[in-house]
Amino acid sequence: MYSAITRGSIFIDRLRGFIEENYPIRPVAIAPAARGFYGETWRVDAPQGCFFAKLDCSPHQNVYERSFPVIEHMCSHGIDFISKILKTREGGHCTHFEDGVLGLFDWIEGENQENDSTKPHEYDMLAKIYTVDTKGLAIPREDFSAREADRFFDRRERVQDEGILALLEAKWAEIERCAQRLRYFSGICEEDDTGFVHGKEFAITHGDAGGNVLVFGENYHIIDWDDPRLAPPERDAWFWMHRPWAMRAFHGALRENHIEYTLRPVRLAYYCYYMYFFYLNEILDAHFALGGLQDYLADYLHGWMNDNRDYAERSIP
């Protein structure tokens, strides 16, 4: 969403000069790249190669900044289907440009795809990441809280736009029911937070891998590792939990990578309701920052999330 901000030639010239001064490349062209929700993104062409630049000026930038050591850790452990960081001249993972956090990565060719044929590849890549040793890695660990519901109700009190208020009011019974269900599953999951790899620890999870798979021929990459977290695999699996074949494929990927774990329905339900509010909060935060977004909120409230929410309501007591 923030990548929709239009920047003029003066800004691009400042960015080009900043990159040349702070990175070991000499940009010759910078063009917008429509990738990602939070950051402003560009393709940077230089004699040294092609690179992807992401500038995050949103409230999400602190999360973005702390993701860089995790990406570096995965790359150093043989994960070659994610973006590699281009370090600064001083060896930093990222830097600060104007009001945001700027990171540069190797450019990955491909189109963003999510369909029946991409899911097995996505699940196999995730399972390989789950096997990466996380010892000594500074990364948030899942606590199964219900805070996203609390954040939503706090943000709702700040909304003044009549269009946004009307959309929320029309779905208010559903919203309250989802908050109730989130708190219920949060309590269950907090009582049993055992892991599944490396001595029953949690593993590195993406949190939105399906929407960030780039496909180029036979090559698949998972990009946009903005919010990695030590968590159970349900954090990545819940998106298609209403499709039995997808859950079988996810279990198959775990087994093929020697991970003996069975997805837990209560954890799938927890993430479904947690993310229901997470996405609501992100839309409201973007509304506060950019204005408008009634159509975006309407699409969300009547869109893809309902399949998972309906499944959780029917199938997971």
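Residues numbered from 1 in each chain as written. Predicted model: local features only at pLDDT ≥ 70, side-chain atom pairs only at ≥ 80, totals over all residues. Heavy atoms only, no water.

Draft legend 1. Just the overall build of the protein, in detail. Across its full length, the protein holds twelve helices and eleven strands. Relative to the 2.2 N^0.38 estimate, which gives 20 Å for 317 residues, the radius of gyration of the protein is 20 Å and therefore close to what a compact globule would have. Projecting the C-alpha coordinates of the protein onto the three principal axes gives extents of approximately 55 × 50 × 35 Å. In the protein, once contacts between residues fewer than 6 apart in sequence are set aside, the share between residues at least 24 apart is 74%. Summed over all atoms, the accessible surface of the protein reaches about 14200 Å², with 49% contributed by carbon and sulfur. Each charge sign in the protein was given a centre, from 34 positive and 52 negative side chains, and these centres are 3 Å apart. (Helix = DSSP H or I, 4+ residues; strand = E, 2+ residues; numbered from the N terminus. Rg over C-alpha atoms; globule rule 2.2 N^0.38 Å. Contact = heavy atoms within 4.5 Å. Areas by Shrake-Rupley, 256 points an atom, 1.4 Å probe, with all protein chains shown as cover. Lys, Arg positive; Asp, Glu negative; His and termini not counted. Charge placed at Lys NZ, Arg CZ, Asp CG, Glu CD.)

Draft legend 2. Up close: the sheet that holds strand 7 (residues 111-112). Read across the open sheet, the three strands follow the order 7-9-10; overall the sheet is antiparallel. With partners counted over all chains shown, the strands left at the sheet margins are strand 7 and strand 10 (219-222), one partner each. Across two bridges, strand 7 lies against strand 9 (residues 213-216) in antiparallel orientation. Paired with E111 across the strands is V215, a residue of strand 9. Taken strand by strand, helix 4 (residues 119-130) contacts strand 9 and strand 10, and its axis lies near 55° from that of strand 10. (Pairing = 2+ DSSP bridges. Axes fitted to C-alpha atoms, helices over the stretch in contact; angles between N-to-C directions.)

Draft legend 3. Structural view of the side chain of Q61. The residue Q61 is located in helix 2 (residues 61-66) in this model. Q61 gets classed as buried once you look at its relative accessible area, which sits at 17%. In this structure the side chain of Q61 is engaged in a polar contact, spanning 3.4 Å, whose partner is the backbone oxygen of D99. (Buried < 20%, exposed > 50% of the residue type's maximum accessible area, 1.4 Å probe, protein only. Polar contact = N/O pair within 3.5 Å; in protein donor to acceptor, adjacent residues only side chain to side chain.)

Draft legend 4. Local environment of the pairing of strand 2 (residues 40-46). With five of seven residues buried, strand 2 is to be regarded as a mostly interior element. Here strand 1 (residues 29-32) pairs with strand 2 via four bridges, running antiparallel. Paired with P32 across the two strands is W42, which belongs to strand 2. Examined bridge by bridge, strand 2 and strand 3 (residues 49-56) share seven bridges and lie antiparallel to one another. Of the residues in strand 3, the one forming a bridge with T41 is K54. Following strand 2, the chain reverses through two residues before pairing antiparallel with strand 3.

Draft legend 5. View of the packing of helix 10 (residues 265-290) against helix 11 (residues 294-301). The contact between helix 10 and helix 11 brings their axes to 10 Å, and the two run at 170°. When the axis of helix 10 is compared with that of helix 11, the two are roughly antiparallel. For the pair helix 10 and helix 11, contact is made by M275, Y276, Y279, L280 and I283 and by Y296, L297, Y300 and L301, respectively. Looking at the contact of helix 10 with helix 11, its residues break down into nine nonpolar, no polar and no charged. (Parallel < 35°, antiparallel > 145°, perpendicular 65-115°, else oblique. Nonpolar A, V, L, I, M, F, W, Y, C, P; charged D, E, K, R; others polar.)

Draft legend 6. Structural detail: the pattern of salt bridges. Applying the stated criterion to the full structure yields 28 salt bridges. Between D13 and R16 there is a salt bridge, with its nearest N and O atoms 2.7 Å apart. Placement of the pair is D13 and R16 together in helix 1 (residues 9-22), with a separation of three residues, close to one helical turn. Given the relative accessible area of 23%, R16 is considered partly exposed. The network of salt bridges with common partners includes E142, D227, R229 and R235. (Salt bridge = Lys/Arg side-chain N within 4 Å of Asp/Glu carboxyl O.)

Draft legend 7. View of the environment of D143. As for its placement among the helices and strands, D143 is situated in the loop between helix 4 and helix 5 (147-156). Separated by 113 residues in sequence, D143 and E256 place their C-alpha atoms 28 Å apart. Separated by 3.0 Å, the side chains of D143 and R147 make a polar contact.

Draft legend 8. Focus on the packing of aromatic side chains. A full pass over the atoms with the stated rule returns 31 aromatic pairs. Between F144 and F202 the ring centres are 6.2 Å apart and the planes differ by 85°, which places this aromatic pair in the edge-to-face class. Note that F144 is positioned in the loop between helix 4 and helix 5 and F202 in the loop between helix 7 (172-191) and strand 8 (203-205), a separation of 58 residues in sequence. This pair shows no difference in class: F144 is buried, exactly as F202 is. Ring geometry for Y270 and Y271: centres 5.0 Å apart, planes at 75°, overall edge-to-face. Exposure remark for Y270: the relative accessible area of 0% places this residue in the buried category. (Phe/Tyr/Trp six-rings, centres within 6.5 Å; stacked < 30°, edge-to-face > 60°.)

Draft legend 9. View of helix 12 (residues 305-315). For helix 12, the set of buried residues is M305, N306, N308, R309 and A312. Along the long axis of helix 12, the arc covered by the buried residues comes to 165°, so they all point the same way. Contacts made by the buried residues of helix 12 are with helix 7, helix 10 and helix 11. (Arc of directions from axis to C-beta.)

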